[in-house]
Amino acid sequence: MLHVDPKTSHYAKVLCDEIFGSRCFASEIIWRYRRWPAKTNNFQRVHDVLLRYVREPDRPHRFRQLYEPLAESTRATWGSGRQRAVIDANGRRRRSSTTAEPSPGTPLGDVWDISIVAPVARERTGYPTQKPEALLERLVEACTYPGDLVLDPYCGSGTTLAVCARLGRDAIGIDRSPLALEITRERLRALGREPQEERFLPAERTKRARVA
Ligand SMILES: C[S@@+](CC[C@H](N)C(=O)[O-])C[C@H]1O[C@@H](n2cnc3c(N)ncnc32)[C@H](O)[C@@H]1O
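In short, a report on the structure. (Residues numbered from 1 in each chain as written. Predicted model: local features only at pLDDT ≥ 70, side-chain atom pairs only at ≥ 80, totals over all residues.)

Turning next to the overall build of the protein. Across its full length, the protein carries six helices and 10 strands. For a compact globule of 212 residues, the expected C-alpha radius of gyration is about 17 Å, and the protein comes in at 21 Å, more than 25% above that figure. Taking the principal axes of the C-alpha coordinates as reference, the protein spans close to 75 × 45 × 45 Å. Here the protein holds 212 residues, and 14% of them are scored as buried. Of all intrachain contacts in the protein linking residues separated by at least 6 positions in sequence, the fraction that spans at least 24 positions is 51%. (Helix = DSSP H or I, 4+ residues; strand = E, 2+ residues; numbered from the N terminus. Rg over C-alpha atoms; globule rule 2.2 N^0.38 Å. Buried ≥ 20, exposed ≤ 12 C-beta atoms within 10 Å, placed from the backbone. Contact = placed C-beta atoms within 7 Å.)

Core analysis: the biggest nonpolar cluster contains 16 residues, and V140, L161, V163, C164 and A180 have the highest contact counts within it. Of all the secondary structure elements, the ones that give two or more residues to this core are β2 (25-32), α3 (133-143), α4 (159-167) and α5 (178-190). Among the elements that line this core, the one with the most residues is α4, at four residues. The residues contacting C164, other than those within four sequence positions of it, are V140, V150, R169, D170 and A171. (Core = buried A, V, L, I, M, F, W, Y, C linked by C-beta atoms within 7 Å.)

Let us look at the packing of α3 against α4. Orientation of α3 relative to α4, taken along the N-to-C sense of each, is 55°, at an axis distance of 9 Å. In terms of orientation, α3 lies oblique with respect to α4. Note that α3 runs across α4; the crossing there is right-handed. Two secondary-structure elements touch here, α3 through E133, L136, E137, V140 and E141 and α4 through T159, T160, A162, V163, C164 and L167. Here the contact of α3 with α4 is composed, by residue class, of six nonpolar, two polar and three charged. (Axes fitted to C-alpha atoms, helices over the stretch in contact; angles between N-to-C directions. Parallel < 35°, antiparallel > 145°, perpendicular 65-115°, else oblique. Left-handed = near helix turned anticlockwise from the far one by under 90°. Nonpolar A, V, L, I, M, F, W, Y, C, P; charged D, E, K, R; others polar.)

So this is what it looks like as structure tokens:
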């Protein structure tokens with residue numbers, strides 16, 4: 001999963017297609033948020049892009065269907081029972097019928113409305129690029145199973161790691177910023193997890209160290 005803004009998402013997609021293979025592309029998720037309007041002679045930018053790739057497109061990959069609440073208009077017309085598609089003898093779709101079984105909701109689409117972390121939110125750490133836990137929760141719940149190992153190589157304030165800790169996934173986070181790592185440590189400790197740490201030298205120095 002790669003998270004980028006709309007200025008770079010198309011370049012990033014071409015790059016990822018080249019690296020992973022275009023057949024491995026699985027979804028482009030639009031994360032739509034509300035924020036204080038910017039002074040701009042343009043439409044307000046209120047979305048980011050998440051690109052999802054899978055390793056083996058021909059084999060069943062990890063995916064758990066999540067649901068959104070039914071739309072008000074759907075509930076008004078159909079109630080909250082699960083709907084069944086009705087196909088006539090000619091194979092044409094007819095008005096669907098509603099069953100007594102409660103509907104789990106609408107299968108989650110690829111446009112997600114999730115608020116950014118508000119200045120007064122309890123989860124706010126003060127890290128400048130912090131992502132909302134609700135965004136990571138969806139990704140982790142839909143794309144991994146309990147007990148899986150999740151890697152966030154640019155973990156920032158540790159949102160992915162905190163969500164994984166809560167949802168029973170193991171996680172590895174990497175960041176070059178000491179502040180990011182300190183916030184991540186604090187966040188994990190607040191959840192009763194003691195982080196295990198390893199330090200890596202920057203690539204150049206590592207190369208030199210190996211050569212020496
Ligand atoms: C967009 S932020 C991640 C925010 C995170 N998802 C959160 O909720 O706080 C990107 C992070 O990548 C880190 N970073 C950028 N370049 C890096 C590099 N070459 N190696 C490791 N970390 C890097 C930055 O320090 C920053 O914390």
